[in-house]
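# Structural characterization, general
Below are the chains, spelled out letter by letter.
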Amino acid sequence: MNHSKLPVFSREKAFNAAGIVMIALALSTVLGFGREMVIAALLGISPQVDAYLAARIIPMDFFEMLLVAFNLSFIPIFTRALISESPEKAWRMAGSIFTLGLIVCIVFSITGIIFAPSLISIIGAGFSPLIKNLSVSIMRCIFTGLIFFFIAKFLTAILHSYREFTAPAFFGFTTNTVIILSVILLVPTWGISALAAGCVFALFFNCLIQIPAFLPYAGNLSLNIDLSNPYIKQMLAMMGLILMGSSMGRINEIISLHFASSLSPGSVAALNYSFKIVGLPVQLFALAMNIVIYPLLSEHAARKDFKKLNSVCSLGLRMILLGMLPAATILIILRIPIVRLLFERGAFDASATSCTSDAMFFYSIGLPFIACVQVLFSCSFALQETKIPIIATVTGISANFISCYIFSHYTGLGSRGIALATSISTALAFCVLSVYLYKKLGGLEINRLLSSLIKLFISSLFMALVIILVSSWLQNLLDLSVLYNKFLLVTLSLLSGAAVFFPLILLFRLEELWIIIDIIKKKISKTVSSEQ
């Protein structure tokens, strides 16, 4: 089967694809919060949850970092091979990478199972012996599923290269569904170990859901090892550099967990729950946008069309800011009501709400940077530039370590300081990358960026004032011990803020909003025409 040509991918198709991905991610995020709510209700912010979170750092979170580096290096190299070489050469390279990946997964899993006690001693240095032993058992269980993790991510990379986003977008949906079922069915008898089993089952099912979409391309893939292939050498070298340049988030997570494990019991879990909430808009909007534009960035970079690359990168940043600035404002103001609504029940009490919402405040400050830095990293990797991302990563990691040490030892911030350190480190990495791309691409359409930023800031400020007034009034009016009233408080506050924010950005004629409106109009027009 010949797949030599990449499909034409216009801006309208990109936004349509982004819409599909956003819907899938929305479903995944809803289930993700359902998962966290079930875990919080059954286990609260107990040391057992800390043990699970520490155990998954290497086999799940760190290995995912490796696979993200794999995707970020594979897609532009594979795309360039399809464009400039024959499909046979591109797919032979893909087959070699797949074979090598399977071998690496097996070796990595066996090594992880053997050295799990040493890894937990480093990650959870402040854990008690009992919690360390529990964490070791959980880690060894999760390591057994890594081969499924790699296969699933490989299929995702191929499908994204051919602009097929639907099946891979349901990765999180499948993961959360399987884990929720595992928790509900197995926690009463297995305890926290049910989460480890759920992770392995989820990775297996994520392979299965992508196979139907991959079948049209499956005939091109064959197992082989050809280390002399120049594309393989380029990809492996690029992957190593990207790994160094994109590892900031995961390494910062390990640093944060290390320092948090020495704080009061439950600090690790509180940071996890708060970051899950702050990560909601990133998952729903920023991640969807980044997934869709990365293949487009890679294609423009492969064709050396820097003008279009500059335009796509700038538009991606402006679209993300459209979602992230109001989201950060909402999360800062409504942090306590949101945590109460989502988690305060069962083992998750008022003190857990206080600890989680405090950390959430400091994470939310850095939300726009956390979201936008992903696009900047992607644009740099599409250009196959690795030096600057490495500098940005080292800057961010160093800032995080120093900040965590200072805040945890010399201030009374506790877990709040760990969250603030994450925001500071991400902001510094953002600055390094934005300066580089500003010079490399010719400005990132800076005037458009600043114009959108000012309009969004003013609109978010007025929205914040309205939300504060409405939420304060409702808190005095409602009995917040009732779940329905908690929901009513958050919902009415959000609606009142939206009633101010959207008219304002329409009044300001925000360019990004009108792009979305025009695409929706065209979509409706096509639907009506086809029905007639």
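An account of the accompanying structure is given in this report.

Analysis parameters
- Residues numbered from 1 in each chain as written.
- Predicted model: local features only at pLDDT ≥ 70, side-chain atom pairs only at ≥ 80, totals over all residues.
- Heavy atoms only, no water.
- Patch = residues over 30% accessible without salt bridge, like charges linked within 9 Å, V, L, I, M, F, W, Y side chains within 5 Å.
- Areas by Shrake-Rupley, 256 points an atom, 1.4 Å probe, with all protein chains shown as cover.
- Salt bridge = Lys/Arg side-chain N within 4 Å of Asp/Glu carboxyl O.
- Helix = DSSP H or I, 4+ residues; strand = E, 2+ residues; numbered from the N terminus.
- Buried < 20%, exposed > 50% of the residue type's maximum accessible area, 1.4 Å probe, protein only.
- Core = buried A, V, L, I, M, F, W, Y, C linked by side-chain atoms within 4.5 Å.
- Contact = heavy atoms within 4.5 Å.
- Phe/Tyr/Trp six-rings, centres within 6.5 Å; stacked < 30°, edge-to-face > 60°.
- Lys NZ or Arg CZ within 6 Å of the ring centre and 35° of its normal.
- Axes fitted to C-alpha atoms, helices over the stretch in contact; angles between N-to-C directions.
- Parallel < 35°, antiparallel > 145°, perpendicular 65-115°, else oblique.
- Left-handed = near helix turned anticlockwise from the far one by under 90°.
- Polar contact = N/O pair within 3.5 Å; in protein donor to acceptor, adjacent residues only side chain to side chain.

### Focus: a nonpolar patch on the surface
- A contiguous nonpolar patch, built from Phe-201, Phe-204, Phe-205, Leu-208, Ile-211 and Leu-215 and spanning about 530 Å² of accessible area, is present on the exposed surface.
- Note on placement: Ile-211 falls in helix α10 (residues 193–218).
- Classification of Ile-211 as partly exposed rests on a relative accessible area of 37%.

### Observations concerning the nonpolar core
- Formed by 160 residues in total, the largest nonpolar core has its most connected members in Phe-74, Phe-78 and Phe-154.
- Discounting chain neighbours no more than four positions away, the residues touching Phe-154 are Phe-70, Phe-74, Ala-94, Phe-98 and Leu-221.
- Among the nonpolar cores identified, the runner-up in size contains 7 residues, and Ala-24, Leu-25, Ala-169 and Val-292 belong to it.

### Points about the packing of aromatic side chains
- Applying the stated criterion across every chain, the model contains 28 aromatic pairs.
- Here the aromatic rings of Phe-343 and Phe-348 are separated by 5.6 Å at their centres, their planes lie at 40°, and the arrangement is tilted.
- The exposure class assigned to Phe-343 is buried, which follows from its relative accessible area of 0%.
- Among the aromatic residues, those joined into a ring-pair cluster are Phe-70, Phe-74, Phe-78, Trp-91, Phe-98, Phe-150, Phe-154, Tyr-162 and Tyr-217.
- Note that Lys-440 overlies the ring of Phe-306, its terminal NZ or CZ placed 5.7 Å from the centroid.
- Here the basic side chain of Arg-509 rests over the ring of Trp-514, its NZ or CZ set 4.7 Å away from the ring centre.

### Comments concerning the pattern of salt bridges
- Scanning the model with the defined rule gives 7 salt bridges in all.
- With a shortest N-O distance of 2.7 Å, Arg-318 and Glu-512 are connected by a salt bridge. In this pair, Arg-318 is assigned in helix α14 (residues 306–333) and Glu-512 in helix α22 (residues 511–531), connecting sequence segments 194 residues apart. Side by side, Arg-318 and Glu-512 carry an identical accessibility label, which is buried.
- With its nearest N and O atoms 3.4 Å apart, the salt bridge here joins Arg-448 to Glu-445.
- On the accessibility criterion, Arg-448 (39% relative accessible area) is partly exposed.

### Some remarks on the packing of helix α12 (residues 248–260) against helix α18 (residues 387–410)
- One can describe the packing of α12 onto α18 by two numbers: an axis separation of 10 Å at closest approach and a directional angle of 15°. Taken together, the axes of α12 and α18 are roughly parallel relative to one another. The chirality of how α12 crosses α18 is right-handed. Taken together, the residues of α18 that come into contact with α12 (itself represented by Met-248, Ile-251, Asn-252, Ile-255, Ser-256 and Phe-259) are Ala-392, Thr-393, Gly-396, Ile-397, Asn-400, Phe-401, Cys-404, Tyr-405, Ser-408 and His-409.

### Some points on the environment of Thr-356
- Inspection of the secondary structure puts Thr-356 in helix α16 (residues 350–365).
- Taking relative accessible area as the criterion, Thr-356 reaches 0% and is therefore assigned buried.
- C-alpha separation for the pair Thr-356 and Gly-266, spaced 90 residues apart in sequence, amounts to 9.8 Å.
- Beyond its immediate stretch of four places on either side in the chain, Thr-356 contacts Ala-270, Tyr-273, Ser-274, Val-339 and Phe-348.
- Of note is the side chain of Thr-356, whose polar atom sits 2.8 Å from the backbone oxygen of Ala-352.

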